[in-house]
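# Summary of structural features
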Amino acid sequence: SMSAEESISGWLAKRGAINKSFKNRHFRLEKKMLSYYTDDKTLEPQGVIDILNSELKTDQIADNIFELVSNKRAYVIKAETRDEADEWVEALSNRRFNLLAAASTPVLDSGEEKVDEVIELRQTCAKLKEKMLKAREETGAAKKQVELLKRTIDAQDESKSGNVTLRATKIWKERCAGLESEKTKLTTTNETLMKEKEALKETVAKLTEVEATLGSRIHGMEEAMNTLKKAHESHEEKLKTQIKELNEAHESHEEKLKTQIKELNEGKEALFSELESTKAKLQAAEENAAKEKKTLEGKVEDAFKQVEGMLDIAAWSFSLRPPLISSAKCWKIELCGFDKKTEEGIRLKDDAHIEFVIVDQMGVVMGQACRTEPLKVSQPMFLSLPNLKKDEKTWASRYLIVQLKYKKAKKKSVKCSLVSWAFVSLLLLMQKGPEVKLQLYKKPCEFSRDPELLQIFKDQNLTLKVTAGHIASPEEEKQLKEKSLSRKARSRVSVEASKKEAAEAEPMD
């Protein structure tokens, strides 16, 4: 920040009060006074601007122009460059701020008369300083001339040529005496000026005291202004409160009017509501009937869905024989072969067989499973299809599980142990047929299609052959009936034989 005592000077252009052209002036900023001179050597200012009682305007700063506006006139000042204009504006603003901060209160218009006196006294001091400088210069010139004359006289006295006359010597001595008397007068004038300077200093000190007194008065006036401002704010607050109360009363009255209008409208609406009540009751009854109808239809549809689901679960079933009913739909599924490694493993097991079953996405068994006879892994299986309408989504959510098993003796019993298994969706089986190659997997904990949970048997697979729509021919039906009858006959014979053996085994009386 710039000190309040720092002096700043420089060349600027000032617009005249009468002649509006710009003229170059040398400006000096000292304390709170901005003085301007015709050149940078003159001590007497052409004019003085009190920056505390002036307003700084920068509306034309783009044109390197700023203004200092006081009660007497507006000073329009222009710099050569924008940077110089910005530096002067910043210096004036900082000086004004520092002066205000130092004095705590700004100088108001009430002290302008005293300020004018101070300005006049300072101008007088400047004139006296200029006179003192001129007197000092004249005194110095006179001293030089006296010394020159003394050296000339001494030189003439010492000369041996004898060309200097007594008359010339007398003239030079008279001139020296005149210069001495003039020197005495200048010394007297200088002393007088010094006394006047001391007197001016005392006057300036008194004016400074007057300024301090004015500052205290101005401070008192500011306190009075603050008090008046507080009273004005209090009165303004009271007026705002009264206005608020009037607005609230107006709103209350307006609310009462709205309530009365609302009551009238409600009475009018009550008359219309009585006329429309019958229509509303009839409409409500129709809606209730429609809702009840819709509820019953939903219940019936849910019942059909439940029945269809039950039929769906029970409909998917495998058997070793084709259905005897010619209208039934089925698939004939038979194993075509294995990879070499799997086939060699099956040959080592005397009771190896394959089990077929249908499951849904969650692994729930759908219908009846079936398995081939031991060592007859290529024995055909017949999958009965449900007589229900199925879309691709339903076929894609049903999976055929093919499990390769053999009997394994446990500690207490003999159980079928799973060797490997494969799966495929019915939709994929239907689209890819008639032959489909399936990847074999290790035994899982539960049915899963998650690749992270599946454990693959590398290079091991099986191939299925699917024939859609297979039904039993008349010859097959005859053979099946004969086989059925022969099985029944064999069972009767075995029963009779067992009875006979039991009778022979009884002890004789």
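The paragraphs below set out a description of the structure included in this document. (Residues numbered from 1 in each chain as written. Predicted model: local features only at pLDDT ≥ 70, side-chain atom pairs only at ≥ 80, totals over all residues. Heavy atoms only, no water.)

## Structural notes on the overall build of the protein
Rule in force here: Secondary structure elements follow DSSP: runs of H or I of four or more residues count as helices, runs of E of two or more count as strands, with numbering from the N terminus. Any residue under 20% of the maximum accessible area for its type is buried, any over 50% is exposed, and the rest in between are partly exposed; the area is computed with a 1.4 Å probe on protein chains only. By the convention used here, residues are in contact when the closest approach between their heavy atoms is within 4.5 Å. Exposure was quantified through the Shrake-Rupley algorithm and a 1.4 Å probe, taking into account, for residues, occlusion by the shown protein chains and nothing else.
Along its length, the protein carries 7 helices and 16 strands. Residues counted as buried form 28% of the 509 residues belonging to the protein. Restricting to contacts in the protein with at least 6 residues of sequence separation, those with at least 24 account for 61%. Of the roughly 36,000 Å² that the protein leaves accessible, carbon and sulfur atoms contribute 53%.

## Structural notes on the side chain of His353
Put simply, the rule is: Polar contacts here mean pairs of N or O atoms no more than 3.5 Å apart (in protein, one a potential hydrogen donor and the other a potential acceptor; neighbouring residues in sequence count only if both atoms are side-chain atoms).
As for its position among the elements, His353 is in strand β10 (residues 353-359). Its relative accessible area of 3% is what places His353 among the buried residues. Within the local environment of His353, its side chain forms a polar contact with the backbone oxygen of Asp351, the two atoms lying 3.2 Å apart.

## Notes on the side chain of Arg25
Applicable threshold: Counting rule for charge: Lys and Arg are taken as positive, Asp and Glu as negative, and neither His nor the chain ends is counted. For this document, the term salt bridge refers to a Lys or Arg side-chain nitrogen within 4 Å of an Asp or Glu carboxyl oxygen.
Tracing the backbone shows Arg25 in strand β2 (residues 22-30). Despite its burial, Arg25 pairs with no opposite charge; the closest candidate is Asp39, at 9.5 Å N-O.

## Quick word on the pairing of strand β7 (residues 74-78)
Keep this limit in mind: In short, DSSP must find at least two bridges between two strands for them to pair.
Judged from the 2 bridges that link them, strand β1 (residues 8-15) and β7 form a sheet pairing that is antiparallel. In the sheet register, Ala13 faces β7, and the bridge partner there is Lys78. Relative to β7, strand β6 (residues 65-69) is paired through 5 bridges, and the arrangement is antiparallel. Bridge pairing in β7 links Val69 to Ala74. The hairpin turn running from β6 into β7, its antiparallel successor, is 4 residues long.

## What to know about the packing of aromatic side chains
Convention followed: Two rings from Phe, Tyr or Trp (for Trp, the six-membered ring) form a pair when their centres sit within 6.5 Å of each other. Planes less than 30 degrees apart are called stacked, planes more than 60 degrees apart edge-to-face, and all others tilted. Our definition puts a charge over a ring when NZ of Lys or CZ of Arg is within 6 Å of the ring centre and also within 35 degrees of the ring normal.
Scanning the model with the defined rule gives 7 aromatic pairs in all. Considering the side-chain rings of Trp421 and Tyr441, the 5.7 Å spacing of their centres and the 45° angle between planes classify their relative orientation as tilted. Of this pair, Trp421 sits in strand β14 (residues 414-425) while Tyr441 is found in strand β15 (residues 435-441), placing the two residues 20 residues apart along the sequence. A residue is classified by how much of its surface remains accessible, and Trp421, at 3% relative accessible area, is buried. These aromatic residues form a ring-pair network of at least three members: Tyr399, Trp421, Phe423 and Tyr441. Lying over the aromatic face of Tyr37, Arg28 brings its terminal NZ or CZ to 4.0 Å of the ring centre. Positioned above the aromatic ring of Phe22 is the side chain of Lys78, whose terminal nitrogen or guanidinium carbon lies 5.8 Å from the ring centre.

## Thoughts on the pattern of salt bridges
Oppositely charged side chains are able to pair whenever their charged atoms sit close together. Across all of its chains, the model carries 3 salt bridges by this definition. The partner of Arg82 in a salt bridge is Asp86, and the shortest N-O contact between them spans 3.1 Å. In this pair, Arg82 and Asp86 are both assigned in helix α1 (residues 82-103), 4 residues apart and thus about one turn of the helix distant. Residue Lys405 is joined to Glu355 by a salt bridge in which the shortest nitrogen-to-oxygen separation is 3.4 Å. A residue pair is termed long-range when its members are at least 10 positions apart, and Lys405 in strand β13 (residues 399-409) and Glu355 in strand β10 qualify at 50 residues. Neither Lys405 nor Glu355 differs from the other in exposure class; each is buried.

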